[in-house]
Amino acid sequence: MDFAKRIESAMSRAIKAGQAVPSPDKLARALHYSVSPGGARIRPNILLSVAAACGDDAPKIADAAAVALELIHCASLVHDDLPCFDDADTRRGKPTTHIEFSEPLAVLTGDSLIVMAFSVLTEVAGLDPMRVIGLMKVLADRTGMPNGICAGQGWESESTVDLAAYHRSKTGALFIAATQMGAIAAGQEGEQWEELGARIGEAFQVADDLRDALYDEETLGKPVGQDDLHGRPNAVTEFGVYGAIDRMKDILSGAIASIPKCPGEAGLAKLVNMQAEVLTPLKWRASQANKIPGE
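Conventions adopted
Residues numbered from 1 in each chain as written. Predicted model: local features only at pLDDT ≥ 70, side-chain atom pairs only at ≥ 80, totals over all residues. Heavy atoms only, no water. Helix = DSSP H or I, 4+ residues; strand = E, 2+ residues; numbered from the N terminus. Buried < 20%, exposed > 50% of the residue type's maximum accessible area, 1.4 Å probe, protein only. Contact = heavy atoms within 4.5 Å. Axes fitted to C-alpha atoms, helices over the stretch in contact; angles between N-to-C directions. Parallel < 35°, antiparallel > 145°, perpendicular 65-115°, else oblique. Left-handed = near helix turned anticlockwise from the far one by under 90°. Expected span 1.5 Å × (residues − 1).

## Considerations on the side chain of R131
Turning to step 1, where the next piece is worked out: In this fold, R131 is placed in helix α7 (residues 129-141).
Turning to step 2, where the next piece is worked out: Under the relative-accessibility criterion, R131 is labelled buried at 16%.
Turning to step 3, where the next piece is worked out: Ignoring anything within four residues of it in the chain, the contact list for R131 reads D57, A58, I61, I184, A185, A186 and G187.

## A look at the packing of helix α1 (residues 3-18) against helix α2 (residues 25-35)
Turning to step 1, where the next piece is worked out: Two elements in contact, α1 and α2, have axes whose closest approach is 9 Å; the angle formed by their N-to-C orientations is 160°. For the element pair α1 / α2, the angle class is roughly antiparallel. Relative to α2, the crossing made by α1 is right-handed. Every residue of α2 that contacts α1 at M11, I15 and G18 is listed here: L31, H32 and V35.

## Some remarks on the packing of α1 against helix α6 (residues 103-122)
Turning to step 1, where the next piece is worked out: Contact pair α1 / α6: the axes reach a minimum separation of 11 Å and the direction vectors enclose 115°. Handedness of the crossing formed by α1 with α6: right-handed. Contact residues: α1 offers A14, I15 and G18, while α6 offers L113, M116 and V120.

## Some thoughts on helix α3 (residues 42-53)
Turning to step 1, where the next piece is worked out: The first and last C-alpha atoms of α3 sit 16 Å apart over 12 residues, in line with the 16 Å expected at 1.5 Å per residue.
Turning to step 2, where the next piece is worked out: Most of α3 is tucked away, with 9 of its 12 residues classed as buried.
Turning to step 3, where the next piece is worked out: Here α3 has its buried residues at R43, P44, I46, L47, L48, S49, V50, A51 and A53.
Turning to step 4, where the next piece is worked out: Residue G55 follows α3 closely and has a positive phi angle near 115°.

## Here's the deal with unusual backbone geometry
Turning to step 1, where the next piece is worked out: In the segment running from V21 into P22, the intervening peptide bond is cis, with an omega of 0°.
Turning to step 2, where the next piece is worked out: By secondary structure assignment, the location of P22 is in the loop between α1 and α2.
Turning to step 3, where the next piece is worked out: Looking along the chain, the bond that leaves M145 and enters P146 is cis, with omega of 5°.
Turning to step 4, where the next piece is worked out: Tracing the chain through its elements places P146 in the loop between α7 and α8 (149-155).
Turning to step 5, where the next piece is worked out: For R41, which is not glycine, the phi torsion reads 50° and is therefore positive.
Turning to step 6, where the next piece is worked out: Judged by its relative accessible area of 5%, R41 falls in the buried class.
Turning to step 7, where the next piece is worked out: A positive phi angle, close to 55°, is found at D87, a residue other than glycine.
Turning to step 8, where the next piece is worked out: Along the polypeptide, D87 turns up in the loop between α4 (59-80) and β1 (90-91).

What follows is the structure, encoded as structure tokens:
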């Protein structure tokens, strides 16, 4: 079974468990709505890639870890879109959860997905309790304060923002979780995988800043120009479009160098190397012969 099938199968089981009757129908439907369509499932794919590189000797634990991570990511999107944060009307080309189901139900949906993430991990605890405890610890650390996505959201309320710290917590946290949890799920130490996750996360944040600056809402499937609208720090403002693209590629080059020794090291290096081309905005590629307006 390939990674996509593993992820979607495990995700489906988790959501169905959360919809067991009797339960509030609208909230049950909102759970499914908020995790589908799944998009690229980038973070769980990275997690399973690292697990595979480390031997993947406990695939059930790896699958649970991948789904737990993706549930946290989906919860963060539901909360990010709320009126108190981004006040977004669309996500992945459809109405956001609070538009479709109401703001109170969106808050409850995000909360439920977070709790569900840890519940999924408890279901495989009997297979290897110490591994699962390690997975829970990493997931908790990279979700809350001071190093998780909650911290990332909190930086947006500060008058002075450390761009590196902001990116590391807002976007990098779940990528760090992906690489560390992948290793832990396969019985390896997670600490040495932190740098790889941090570098991948930083590159994805720069790429997201580029997409926010260069694309339109129809292309992205969500509102654009949010960084400028909310006065947030971003790589395009700091480095310009060309500088941000160069920075993203430099970060990914560093990511390859940071991959720990493991049986699948070469495969991981190839996976990371491919991201530079994937993440470079298509609009920029098509306009290389002409200067981008405003540059």
